[in-house]
Amino acid sequence: SYDVDLMLKSLHDVTRDFNDSIKDQKLPINDFDGACEGFWRIQRVYKLKSEDIAAGILDGVKYREELKTDEIFALAVGLVKYDSDFAASFFKIALNKSEDDRLSDQVLEKLFEIYANSKKYEEALDILAQRIKIDPENEELVKLQKHFEPKQKEDTENAEVNKSSI
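Just so it is clear, the structure is predicted and the values come from calculations on it, not from any experiment. (Residues numbered from 1 in each chain as written. Predicted model: local features only at pLDDT ≥ 70, side-chain atom pairs only at ≥ 80, totals over all residues. Heavy atoms only, no water.)

A few words on the side chain of arginine 131. Relative to the helices and strands, arginine 131 is located in helix α7 (residues 121-134). Accessibility expressed as a relative area gives 8% for arginine 131, which makes it buried. (Helix = DSSP H or I, 4+ residues; strand = E, 2+ residues; numbered from the N terminus. Buried < 20%, exposed > 50% of the residue type's maximum accessible area, 1.4 Å probe, protein only.)

A word on helix α6 (residues 101-117). Every α-helix winds through 3.6 residues per turn, so residues three or four apart in the chain are directed the same way. Between its first and last C-alpha atoms α6 spans 24 Å; for 17 residues at 1.5 Å apiece the expected length is 24 Å, and the two agree. Of all the positions in α6, only Leu103, Ser104, Val107, Leu108, Leu111, Phe112, Ile114, Tyr115 and Ala116 are classed as buried. Where α6 starts, the residue carrying a side-chain oxygen 2.9 Å from the main-chain nitrogen of arginine 102 turns out to be aspartate 100. Two residues or fewer after α6 comes lysine 119, characterised by a positive phi angle close to 60°. (Expected span 1.5 Å × (residues − 1). Polar contact = N/O pair within 3.5 Å; in protein donor to acceptor, adjacent residues only side chain to side chain.)

Our focus in this paragraph is the packing of α6 against α7. Contact geometry for α6 and α7: axes closest at 8 Å, N-to-C directions at 160°. Taken together, the axes of α6 and α7 are roughly antiparallel relative to one another. Crossing geometry of α6 relative to α7 is assigned as left-handed. Residue-level contacts link Asp105, Leu108, Glu109, Leu111, Phe112, Tyr115 and Ala116 of α6 to Tyr121, Glu123, Ala124, Ile127, Leu128, Gln130, Arg131 and Ile134 of α7. Class assignment for the residues of the contact of α6 with α7 results in 10 nonpolar, 1 polar and 4 charged. (Axes fitted to C-alpha atoms, helices over the stretch in contact; angles between N-to-C directions. Parallel < 35°, antiparallel > 145°, perpendicular 65-115°, else oblique. Left-handed = near helix turned anticlockwise from the far one by under 90°. Contact = heavy atoms within 4.5 Å. Nonpolar A, V, L, I, M, F, W, Y, C, P; charged D, E, K, R; others polar.)

So, on to the pattern of salt bridges. If the charged atoms of two oppositely charged side chains come close together, the side chains can form a pair. In the structure shown here, the tally under the stated rule is 9 salt bridges. A salt bridge links glutamate 65 to arginine 64, with the nearest nitrogen and oxygen atoms 3.3 Å apart. Exposure remark for glutamate 65: the relative accessible area of 53% places this residue in the exposed category. In this structure, a network of salt bridges that share partners links the residues Arg64, Glu65 and Glu71. (Salt bridge = Lys/Arg side-chain N within 4 Å of Asp/Glu carboxyl O.)

Before going further, it helps to examine the environment of tyrosine 82. Its location among the elements puts tyrosine 82 in the loop between α4 (69-79) and α5 (84-97). By relative accessible area, which is 18% here, tyrosine 82 ends up buried. For tyrosine 82 and arginine 41, which are 41 residues apart along the polypeptide, the C-alpha to C-alpha distance reads 9.0 Å. Those residues in contact with tyrosine 82 that lie beyond four places of it in its chain are Asp33, Cys36, Glu37 and Trp40. Here aspartate 33 takes part through its side chain, which lies 3.1 Å from a polar atom of the side chain of tyrosine 82.

Summed over the entire model, instances satisfying the criterion amount to 7 aromatic pairs. Consider the rings of phenylalanine 39 and phenylalanine 86, whose centres lie 6.1 Å apart with planes at 25°: the pair is stacked. Pair noted here: phenylalanine 39 is in helix α2 (residues 29-46) and phenylalanine 86 is in helix α5, with a separation of 47 residues, a long-range link. Given a relative accessible area of 6%, phenylalanine 86 falls into the buried group. With centroids separated by 5.3 Å and ring planes inclined at 90°, the aromatic side chains of phenylalanine 112 and phenylalanine 148 adopt a geometry described as edge-to-face. (Phe/Tyr/Trp six-rings, centres within 6.5 Å; stacked < 30°, edge-to-face > 60°.)

The subject of this paragraph is the environment of leucine 95. Residue position: leucine 95 is located in helix α5. As for leucine 95 and glutamine 106, which are separated by 11 residues in sequence, their C-alpha atoms are 9.2 Å apart. Leucine 95 has contacts with Ser104, Val107, Leu108, Leu111 and Gln130, leaving out every residue within four places of it along the chain.

See the structure below:
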């Protein structure tokens with residue numbers, strides 16, 4: 001007869017040891033890029049929520065511990081070229097979890113790029129306001145704010161004209 005409990009414990013120990021041994025290994029950039037692309041495809045097909053993924057939950061089942069803030073940030077950076085909205089959702093999660101001002105500023109910078117490139121000027125200006133609050137002496141941020149304010153105003157006026165013509 002077999003001791004199933006002993007076998008399961010051994011399997012668990014081997015799995016834990018393997019996971020511990022690979023924990024600090026970093027993927028080469030092309031492997032990471034491929035993983036991000038695959039991850040993006042899976043998310044699209046199965047409509048996975050960013051919040052659940054970051055919490056280690058898939059289809060309502062907790063599979064692993066929460067992703068760390070820097071892991072969420074790295075994933076978001078890798079996803080930008082595939083789906084900027086999906087990447088933005090991870091940047092927002094990283095921003096909410098971050099207790100590091102330097103990382104928060106990097107996240108805000110990436111969010112600003114996404115919003116500015118997709119012509120979401122109101123969101124871009126909100127991000128700039130947050131960055132200016134962190135670094136009020138940064139003249140480049142103030143210049144960017146002045147550059148984007150007329151664009152946001154123009155978008156708002158165009159939206160109002162479109163509504164009234166309907």
